[in-house]
Amino acid sequence: MRSPLIIGHRGAAGYRPEHTLASYELAARLGADFLEPDLVSTADGVLVARHEPEIGTTTDVAHRPEFAARRVTKVVDGVRTHGWFVEDFTLEELRTLRAVERIPEVRRANTGYDGHFGVPTFEEILALAARLSDELGRVVGVYPETKHPSYFAALGLALEPPLQAALRAAGLDRPDAPVFVQSFEVANLRALAGRLSVPLVQLVEADGAPADLVAAGDPRSYRDLLTPAGLAEIAGYAAAIGPDKDLVIDPDGVVSGLVADAHAAGLAVHAYTFRDENRFLPADLRSVGGPNDPGDAVAELTRFLRLGVDGVFCDHPDTGVAARAALAALPVPVVPESRSPAQTIRSSR
Ligand code: G3P
Ligand code: CA
């Protein structure tokens, strides 16, 4: 069996402001196999790493008087959103901004890095991964996500052409490249399947429906995509699914059959998002500290890895690495998929 992948979620977002070169570099140094940039587009069509078009939550733009007039209200995938939007800034303008911690009330230590780092381009992230691969003597891959692809396409800033161009320029548009391309939408992945050589990942939320399906009047929800028929369809264009972890084991500890179903369809499973803090952990794994103190995240990850999950998105990549090592050290083999997942979870508590 292949060793499960540890994916540095937004870099090492548990330790540094997300989507900064410092966050990605730390992720690699903590043992992540892949760096995960979410990609959006500047006004001049450059891919940069941000989790959403609105940049007021993760940069200091709100404190820049020269950009005060750029504050607007837009509708992003049906959601009315106020703030500053990356597509209204050229790369040159964006480079004047500094990244800040997204959740300072949870990760107070990270606010010490506010203002230290800029917003990186995708090309800079690819260069960083190459440099770190050389330095660390192992392959550090990249796991880019196209964020709100229909939204950006409607603005004339489609994400896919510059993504493909950047991968090609870096020599990474090939089937064996250490790259996965992911999306919460369906249509852009289908289209990319015919254009890119790297494996694709269909992301799946616990609720709701893909924005492009909603816009097209397609009634299917994310959960509809996970039926055996839905998984077979995904297997036609993707190599893996990236489900919300609650779709694998829900907060009450109930295990679904998703891992076995996906594997039966020939799809790997890369689940998101694992975080150390008590507030993000199931009740039985929280420590006696407060909601922002670390709980037993290794135990949570071990439960997923024992189910045969093939990859995990981790805000704290070192925790993922520790869980993988703990699993490898267990005297018993990974539980066969034919065994009841419910038995698995009960026996691991
Ligand atoms: O992309 C998978 C994982 O990152 C979850 O999505 O971008 O909302 O954090 P995101
Ligand atoms: Ca992501």
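First, a word on what this report is: a plain description of the structure on this page. Please read these numbers as outputs of a predicted model, since none were measured by experiment.

## Looking at the coordination of the calcium ion (ligand 2)
Working reference: metal with six octahedral donors, ideal angles 90 or 180 degrees; metal with four tetrahedral donors, ideal angle 109.5 degrees.
Piece 1. Around the calcium ion (ligand 2), the protein contributes the donor atoms Glu-36 (OE), Asp-38 (OD) and Glu-145 (OE), which lie 2.1 to 2.3 Å from the metal centre.
Piece 2. Coordination at the calcium ion (ligand 2) is irregular, judged from the 6 donor atoms that bind it and the angles of 59 to 161° they form at the metal.
Piece 3. Read N to C, the donor residues that coordinate the calcium ion (ligand 2) are spaced as E-x1-D-x106-E. Taken together, the residues span a long stretch of sequence, with Asp-38 in strand β3 (residues 38-41) and Glu-145 in strand β8 (residues 145-146) at a distance of 107 residues. In terms of burial, Asp-38 and Glu-145 fall into one category: buried.

## Quick notes on the packing of aromatic side chains
Each aromatic ring pair is summarised here by two numbers: the centre-to-centre distance and the angle between the ring planes.
Piece 1. In this structure the tally under the stated criterion is 11 aromatic pairs.
Piece 2. Arranged with centres 6.3 Å apart and planes meeting at 75°, the rings of Phe-184 and Tyr-222 form a pair that is edge-to-face. Pair noted here: Phe-184 is in the loop between β9 (181-183) and α6 (187-193) and Tyr-222 is in the loop between α7 (211-215) and α8 (228-234), with a separation of 38 residues, a long-range link.
Piece 3. Phe-184 sits in the buried class, given a relative accessible area of 17%.
Piece 4. Consider the rings of Phe-184 and Tyr-272, whose centres lie 5.8 Å apart with planes at 85°: the pair is edge-to-face. Here Phe-184 is found in the loop between β9 and α6, whereas its partner Tyr-272 is found in strand β12 (residues 268-274), with 88 residues between them in sequence.

## Here's the deal with the pairing of strand β5 (residues 72-76)
Piece 1. Note that β5 and strand β6 (residues 79-83) share 5 bridges and pair antiparallel. Across the sheet, the residue bridging to Thr-73 is His-82, located in β6.
Piece 2. Linking β5 back to β6 in an antiparallel pair, the connection comprises 2 residues, with Asp-77 at a positive phi of about 50°.

## A closer look at the pattern of salt bridges
Piece 1. What the rule picks out here adds up to 25 salt bridges.
Piece 2. Note that Glu-124 and Arg-95 form a salt bridge whose closest N and O atoms lie 3.1 Å from each other. Remark: Arg-95 occurs in the loop between α2 (91-94) and α3 (122-136) and Glu-124 occurs in helix α3; sequence separation between them is 29 residues.
Piece 3. For Arg-95, a relative accessible area of 41% gives the class partly exposed.
Piece 4. Linked by salt bridges that have partners in common, Arg-10, Glu-18, Glu-52 and Arg-102 make up one network.

## Quick word on the site of ligand 1
Piece 1. Every one of the 13 residues lining ligand 1 counts as a neighbour, but His-9, Arg-10, His-51, Lys-147 and Gln-182 are closest to it.
Piece 2. The side chain of Glu-36 places a nitrogen or oxygen atom 3.1 Å from an oxygen atom of ligand 1.
Piece 3. One of the side-chain N or O atoms of His-51 is found 2.7 Å from an oxygen atom in ligand 1.
Piece 4. Partitioning the shell around ligand 1 into residue classes produces 4 nonpolar, 4 polar and 5 charged.

Quick notes on the rules
- Here the residue numbers are simple positions, counted from 1 along each chain's written sequence.
- Key to labels: chains lettered from A, ligands numbered from 1, both in the order written.
- The predicted nature of this model means local features are confined to residues of pLDDT at least 70 and side-chain atom pairs, given and counted, to a pLDDT of 80 or more, with totals for whole chains, interfaces and linings taken over all residues.
- Just so you know, side-chain values use all the structure's heavy atoms and leave hydrogens and water out.
- In this analysis a donor is any N, O or S atom within 2.8 Å of a metal ion (3.2 Å for sodium, potassium and calcium), and since water is not included, sites may seem incomplete.
- Metal sites are grouped by the angles between bound donors: all angles between 85 and 135 degrees with four donors is tetrahedral, opposite donors over 155 degrees apart with the others between 65 and 115 is square planar for four donors and octahedral for six, and any other pattern is irregular.
- Strands here are runs of E lasting at least two residues and helices are runs of H or I lasting at least four, both read from the DSSP assignment and numbered beginning at the N terminus.
- Each residue gets one of three labels from its accessible area relative to the maximum for its type: buried under 20%, exposed over 50%, partly exposed in between, using a 1.4 Å probe on protein chains only.
- Aromatic rings from Phe, Tyr and Trp, taking only the six-membered ring of Trp, are treated as a pair when their centres fall within 6.5 Å; an angle between ring planes under 30 degrees marks them as stacked, one over 60 as edge-to-face, and anything in between as tilted.
- Here the rule is simple: two strands pair whenever DSSP picks up at least two bridges between them.
- What counts as a salt bridge is simple: a side-chain nitrogen of Lys or Arg found within 4 Å of a carboxyl oxygen of Asp or Glu.
- Residues are labelled near a given molecule or strand when at least one of their non-hydrogen atoms is within 4 Å of it.
- Two N or O atoms count as a polar contact when they lie within 3.5 Å, although within protein this holds only if one can serve as hydrogen donor and the other as acceptor, and sequence-adjacent residues are included solely when both atoms are side-chain atoms.
- Residues are grouped as follows: Ala, Val, Leu, Ile, Met, Phe, Trp, Tyr, Cys and Pro are nonpolar; Asp, Glu, Lys and Arg are charged; every other residue, Gly included, is polar.

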